[in-house]
Amino acid sequence: MTDTPTQLFIGGAWVDAADGATLPVDDPATGEILCHVADAGAKDAKLAEEAAVAAQETWARTAPRARSEILRRAYELIIERTDELAHLMTAEMGKPLAEARGEVAYAAEFFRWFSEEAVRIDGGSGVLPDGRNRMLLSRRPVGPCLLITPWNFPLAMGTRKIGPAVAAGCTMVLKPAPQTPLSSLALAAILQEAGLPDGVLNVVTTSRAGEVCEPLLRGGRIRKLSFTGSTGVGRLLLAQSAEAVVRTSMELGGNAPFVVFEDADPDKAVDGAMVAKMRNMGEACTAANRFFVHRSVAEEFGRRLAERMGALVVGPGTRDGVDVGPLIDRTGRAKVEELVADAVERGARVLVGGRAPEGPGCFYPPTVLTDVDPGSRLMDTEIFGPVAAILTFDDEDEVIRRANDTPWGLVGYVFTESLDRALRVSERLEVGMVGLNTGLVSNPAAPFGGVKQSGLGREGGRVGIDEFLEYQYLAVPVS
């Protein structure tokens, strides 16, 4: 912790907030303060914006191969420092070290992937149909970007946005979540060491998000917003972006259905449920929220899932053998407690868990509920905790209707051994991604994103860099 930067990173320099303000970073396993970091205000945001704008023209002209090699060096530095970065992440957000190490590897892959995409930015040419002009198409960086990342994957959400921006030739102002600023600051230091020029990446840690972000979005110099977070905040940012017509991409909330048909392989279904529900303690937008299980297999599925969930070890993420760390803060835990209490009041049965332990920290046990009333609040609220709520269904049309009965559409999970049914149901689900007989969909090489109120645009994959590029069309007369 002593080597981790705690200041703002603006124009290639580490600086205090202009008014000297700081914000505490808490350990969710103990409630104790780990350290304090600079708490940026409007003046600091303006300086970061100015640094990004000043660096944009030169950075856009930098050779694609040079941008690629910076990302590749950063990838290698992240891999070399896996253990250090994993301990830092576990300290500030709680996930067990094994999971934190997995996130470090996942985060690094975005830099490797986009280091390869940087040299593949292409355009096109041809004679237009009327024969009068040739068309030359080029793709160029959209310009200075504001990147806003969440706390649940503090390193990977940074690399997933920074990677394509760097590859495309865009400069950036990054605002990480106030709960988990340390991973982003460590990432900035790595990129500086990898050779990223001053001003290309600027990091403003803050507890005053509105004071920092709104002026940037309304000011007309930021040309791109990439946001990952709640749908409510996303709507607010979209409204603020409208005034200056800022290009936006949004990865927002989820309410993932997990559908188990009567012909599903029970081992695959339970294994998939453990991954889809318990990744990151359930604090993921891709987490399975609503388990729809065919009535004929619901009892067995619930029993087996409860056995697996009940066997998980809960404790501080730094402790050996721990499977489930604390939730991010007391507010997050209180939300989970309230949602479970509401479901139980409406008749749900608790198969395992269901009650927060005494003592320090923000722990909540893995919980399985069955006989859940469809009117329960957790059916239309992103749980963001280790709670699996099981409902039954009788036929395919019914479950598709219920799965789609939500304003969100990020991901869905389908378990069946029938290829026809798998394709048919996947095509009918109103989601951007489908996990078919698997509980894990995230991969840097695949486009990540949703439909409806789960967001706009895609991150990762071959299309991920498109969010940071514009087309220019040049008409040349045919002589």
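Let me sum up the structure you'll find in this document. This one's a predicted model, so the numbers in the text were calculated from it and none came from an experiment.

**Some thoughts on the overall build of the protein**
From N to C terminus, the protein includes 13 helices and 22 strands. With respect to the principal axes defined by its C-alpha atoms, the protein has extents near 70 × 60 × 40 Å. Per-residue burial for the protein yields a buried fraction of 56% across its 479 residues. For the protein, the proportion of contacts with a sequence separation of at least 24, taken over those separated by at least 6, is 73%. For the protein, the exposed surface amounts to about 19,000 Å²; the carbon and sulfur share of it is 51%.

**Quick look at unusual backbone geometry**
At Asp371, a position not held by glycine, the phi torsion is positive, near 55°. With respect to the helices and strands, the residue Asp371 is situated in the loop between strand 15 (367–370) and strand 16 (387–393). The phi dihedral of Lys452 falls on the positive side, at around 50°, and the residue is not glycine. Along the chain, Lys452 falls in strand 20 (residues 451–452).

**A closer look at helix 6 (residues 181–193)**
The end-to-end C-alpha distance of helix 6 is 19 Å, a good match for the 18 Å that 13 residues give at a rise of 1.5 Å each. Within the sequence span of helix 6, burial applies to Pro181, Leu182, Ser183, Ser184, Leu185, Ala186, Leu187, Ala188, Ile190 and Leu191. Gly195 sits one or two residues past helix 6 and shows a positive phi near 105°.

**Observations concerning the sheet that holds strand 6 (residues 133–141)**
Sheet architecture is open: three strands sit in the order 5-6-22, paired in antiparallel fashion. The sheet is open, and its two edges are formed by strand 5 (124–127) and strand 22 (469–477), each paired on a single side. Taking each pair of neighbouring strands and ignoring which way they run, the sheet shows an average axis angle of 20°. Inspection of the sheet shows strand 6 paired to strand 22 by nine bridges, in the antiparallel sense. Across the sheet, Leu137 pairs through a bridge with Tyr473, a residue of strand 22.

**Side note on the pattern of salt bridges**
Oppositely charged side chains can form a pair if their charged atoms are brought close together. Tallying each qualifying case throughout the model produces 34 salt bridges. Here Arg112 makes a salt bridge to Glu109, at a shortest N to O gap of 2.6 Å. With Arg112 and Glu109 both in helix 4 (residues 97–117), this residue pair falls three residues apart, about one helical turn. Take Arg112: its relative accessible area is 27%, and that puts it in the partly exposed class. For Glu109, a relative accessible area of 26% puts it in the partly exposed group.

**Focus: helix 7 (residues 209–218)**
Turning to helix 7, its buried residues are Val212, Cys213, Leu216 and Leu217. End-on, the buried residues of helix 7 take up no more than an arc of 105°, which puts them together on one face. Structurally, helix 7 contributes buried residues whose contacts are with helix 1 (42–61), strand 7 (145–148), strand 8 (172–175), strand 10 (224–228) and helix 8 (231–242).

**Things to note about the environment of Ile10**
On the secondary structure map, Ile10 appears in strand 1 (residues 8–10). Owing to a relative accessible area of 13%, Ile10 belongs among the buried residues under this scheme. Each C-alpha atom of the pair Ile10 and Phe111 lies 21 Å from the other, and the pair is 101 residues apart in sequence. Once you skip the residues sitting within four places of it in the chain, Ile10 turns out to touch Val15, Asp44, Leu47, Ala48, Ala51, Asn202 and Val204.

**A few points about the nonpolar core**
With 64 residues, the main nonpolar core has Ile78, Phe111, Ile162, Met172, Leu191, Leu196 and Leu201 as its most contacted residues. Leave out the neighbours within four places in its chain, and Ile162 touches Phe111, Leu147, Met172, Leu174, Leu187, Leu191 and Leu201. Membership of the second largest hydrophobic core comes to 60 residues, among which are Ala269, Met379, Ile400 and Val431.

**Quick word on the state of the cysteines**
Going through the model one piece at a time under the given rule, you end up with zero disulfides. Cysteine Cys170 is unpaired, with the sulfur of Cys145 as its nearest cysteine sulfur at 4.1 Å. Among the cysteines around Cys285, which has no disulfide bond, Cys213 carries the closest sulfur, lying 19 Å off. Classification of Cys285 by relative accessible area gives buried; the value is 13%.

**Some details on the packing of aromatic side chains**
Within the structure shown, the criterion is met by nine aromatic pairs. When the ring of Trp151 is compared with that of Phe384, the centres are 5.6 Å apart and the planes differ by 85°; the resulting orientation is edge-to-face. Taken together, the residues span a long stretch of sequence, with Trp151 in the loop between strand 7 and helix 5 (156–168) and Phe384 in the loop between strand 15 and strand 16 at a distance of 233 residues. The exposure classification of Trp151 matches that of Phe384, with both residues buried. Ring centres of Phe261 and Phe393 lie 5.5 Å apart, and the angle between their planes is 85°; this geometry places the pair in the edge-to-face category. Of this pair, Phe261 sits in the loop between strand 12 (256–260) and helix 9 (266–278) while Phe393 sits in strand 16; the two residues are 132 residues apart in sequence, bridging distant segments of the chain.

Rules of the game
Residues numbered from 1 in each chain as written. Predicted model: local features only at pLDDT ≥ 70, side-chain atom pairs only at ≥ 80, totals over all residues. Heavy atoms only, no water. Helix = DSSP H or I, 4+ residues; strand = E, 2+ residues; numbered from the N terminus. Buried < 20%, exposed > 50% of the residue type's maximum accessible area, 1.4 Å probe, protein only. Contact = heavy atoms within 4.5 Å. Areas by Shrake-Rupley, 256 points an atom, 1.4 Å probe, with all protein chains shown as cover. Expected span 1.5 Å × (residues − 1). Pairing = 2+ DSSP bridges. Axes fitted to C-alpha atoms, helices over the stretch in contact; angles between N-to-C directions. Salt bridge = Lys/Arg side-chain N within 4 Å of Asp/Glu carboxyl O. Arc of directions from axis to C-beta. Core = buried A, V, L, I, M, F, W, Y, C linked by side-chain atoms within 4.5 Å. Disulfide = S-S within 2.5 Å. Phe/Tyr/Trp six-rings, centres within 6.5 Å; stacked < 30°, edge-to-face > 60°.

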